[in-house]
Amino acid sequence: MPGIHPTAIVDPHAELDSTVEVGPYTLIGPHVKIAAGTKVAGHVVIEGHTTIGRDNRIFQFASLGAIPQDKKYDGEPGELVIGDRNTIREFTTFNIGTPGGGGATRLGNDNWMMAYVHLAHDCVIGNHTTFANNTQLAGHVVVDDWVIFGGFTNVHQFVRVGAHGFTGLASVLLADQPPFVMSDGKPARPRSMNFEGLRRRGFSPARVTAVKRMHKALYRDGLTLEQACERIAQLGLDEPEVQPDVQTMLDFLAVPGRGIIR
């Protein structure tokens with residue numbers, strides 16, 4: 001294929017679109033599938049059952065599709081699924097999934113993954129996220145859309161991070177972070193809501209105000225979680241425009257997990 005450097009080693013059973021570019025000394029295994037327009041730099045290793053979508057840009061020294069760093073793993077089938085238009089920078093490591101976590105590690109669309117990011121087995125990442133350098137996710141972490149991780153953020157296994165969230169530099173998330181929350185610290189604690197990020201994404205003043213009221217109910221008024229949810233639900237009844245944002249919060253809080261950051 002004309003887009004593949006002659007020093008690259010691509011298994012003949014791999015399925016690469018004719019428009020895929022592969023740089024020098026890259027290794028691509030037999031169970032790899034790569035869709036149109038994706039560019040893979042030199043010295044990349046892509047192995048395992050890995051499926052990569054369209055128009056991704058994968059930089060040198062990335063390792064995608066390796067077996068999990070899980071002592072219980074014994075060669076069971078698992079996969080890594082990457083969507084479209086992602087930027088995956090140097091020294092990133094994304095592992096395949098395990099039977100105990102659904103069998104797949106997933107990265108959605110339009111994500112920005114900076115250098116040294118690690119996605120452990122069975123992580124599920126949404127769309128439009130930003131992972132700054134050295135963000136490290138343990139297994140089974142779920143990250144919703146539009147989340148931004150500050151550099152050197154560490155996330156405990158089985159933690160969930162709600163949509164539009166933000167973490168400060170070198171934060172350590174040991175519990176679930178609800179949508180819209182901005183956190184910081186070791187362990188991370190809620191500091192505010194991600195108001196500037198919401199404005200940049202076109203949230204109206206009414207929607208931003210509703211997020212402020214949700215934050216007040218969760219963190220400022222001394223309510224139990226059940227009481228906070230009741231007050232948040234009322235916001236959606238009073239103002240139909242904010243109902244989708246209210247439902248995002250309520251859906252997140254309704255899922256049992258490691259508890260929310262406090």
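Residues numbered from 1 in each chain as written. Predicted model: local features only at pLDDT ≥ 70, side-chain atom pairs only at ≥ 80, totals over all residues. Heavy atoms only, no water.

## What to know about the overall build of the protein chain
Selection rule: A run of H or I in DSSP counts as a helix once it spans at least four residues, and a run of E counts as a strand once it spans at least two, with each numbered from the N terminus. When we talk radius of gyration, it's over C-alpha atoms, and the globule rule is simply 2.2 Å times the number of residues to the 0.38. With a 1.4 Å probe rolled over the protein chains alone, any residue whose accessible area is under 20% of its type maximum counts as buried; one over 50% counts as exposed, and the rest are partly exposed. It only takes one pair of heavy atoms within 4.5 Å for two residues to be counted as in contact. All accessible-area figures derive from a Shrake-Rupley calculation using a 1.4 Å probe, and residue coverage is judged against the displayed protein chains alone. Only four residue types enter the charge count: Lys and Arg as positive, Asp and Glu as negative, with His and the chain ends excluded. Where a charge sits is defined by one atom per residue type, namely NZ (Lys), CZ (Arg), CG (Asp) or CD (Glu).
Scanning the protein chain for helices and strands turns up four helices and 27 strands. Its C-alpha atoms give the protein chain a radius of gyration of 20 Å, within 12% of the compact-globule value 18 Å for 262 residues. Its C-alpha atoms give the protein chain principal-axis dimensions of about 65 × 40 × 30 Å. Counting across all 262 residues of the protein chain, residues that qualify as buried make up 49%. When contacts within the protein chain are restricted to residue pairs at least 6 apart in sequence, those whose partners lie at least 24 apart make up 31%. Accessible area for the protein chain stands at about 12,000 Å²; split by element, carbon and sulfur atoms hold 55% of it. Counting 24 positive and 27 negative side-chain charges, the protein chain places the centres of these two groups 9 Å from one another.

## Observations concerning helix α3 (residues 225–238)
Put simply, the rule reads: In a helix, the anticipated span is given by 1.5 Å times the number of residues less one. Working note: the arc is built from the helix axis to C-beta atom directions.
Between its first and last C-alpha atoms α3 spans 20 Å; for 14 residues at 1.5 Å apiece the expected length is 20 Å, and the two agree. Of the positions making up α3, those classed as buried are A228, I232, L235 and G236. End-on view of α3: buried residues confined to an arc of 95°, all on one side of the axis. Turned more than 90 degrees from where α3 packs its buried face, E226, E230, L237 and D238 sit exposed. Turning to α3, the residues buried within the fold contact α2 (205–219) and α4 (243–254).

## Some details on the side chain of H215
Counting through the fold element by element, H215 comes out in helix α2. On the basis of relative accessibility, which here comes to 7%, the residue H215 falls in the buried class. For H215, the residues in contact, after removing those within four places along its chain, are R191, S192, M193 and R220.

## Here's the deal with the UniProt feature "domain: UDP N-acetylglucosamine O-acyltransferase C-terminal" (unreviewed entry) in the protein chain
Cut-off, in case you're wondering: UniProt positions are given in the numbering used here, feature names are shortened, and annotations may be inferred rather than shown by experiment.
Mapped onto the present numbering, the UniProt feature "domain: UDP N-acetylglucosamine O-acyltransferase C-terminal" (unreviewed entry) falls at residues 176–261. With 55% helix and 13% strand, the stretch residues 176–261 has end C-alpha atoms that lie 6 Å from each other.

## Overview of the nonpolar core
Where we set the bar: For our purposes a nonpolar core is just a set of buried Ala, Val, Leu, Ile, Met, Phe, Trp, Tyr and Cys residues, chained together by side-chain atoms within 4.5 Å. Domain delimitation follows an automatic or database domain assignment.
By size, the foremost hydrophobic cluster in this structure holds 64 residues, and its most contacted members are I46 and F94. Counting only elements with at least two residues in this core, the list comes to β11 (79–82), β27 (188–193), α1 (195–200), α2, α3 and α4. At seven residues, α2 tops the list of elements feeding residues into this core. Mapping this core onto the domain boundaries places at least three of its residues in each of domain 1 (9–143) and domain 2 (197–254). Those residues in contact with F94 that sit more than four places away from it in its chain are S63, L64, G65, A66, L80, I82, I88, L107, M113, V117 and L119.

## Details of the pairing of β11
Residues in a regular strand project their side chains so that they alternate between the two faces of the sheet. The condition is simple: In this description, strands pair whenever DSSP reports at least two bridges between them.
As defined by bridge partners, strand β8 (residues 49–52) adjoins β11 across four bridges and the pair is classed as parallel. Of the residues in β11, the one forming a bridge with H49 is E79. Relative to strand β14 (residues 104–107), β11 runs parallel, the two being bridged by four bridges. Looking across to β14, one finds that V81 is bridged to R106.

## Structural notes on the pattern of salt bridges
Condition: Between Lys or Arg on one side and Asp or Glu on the other, a salt bridge is scored when a side-chain nitrogen of the former is within 4 Å of a carboxyl oxygen of the latter.
Under the defined criterion, the tally for this structure stands at 10 salt bridges. One salt-bridge network, held together by shared partners, links K216, D221 and R231.

## Considerations on the pairing of strand β26 (residues 181–185)
Where strand β24 (residues 166–167) meets β26, two bridges bridge the pair, whose relative direction is parallel. Looking at the pairing, F166 lines up with M182 of β26. Direction of pairing for β26 relative to β27: antiparallel, over a ladder of five bridges. Among the inter-strand pairings, S183 is bridged to a residue of β27, identified as P190. Hairpin connection, β26 to β27: the antiparallel pair is bridged by two residues.

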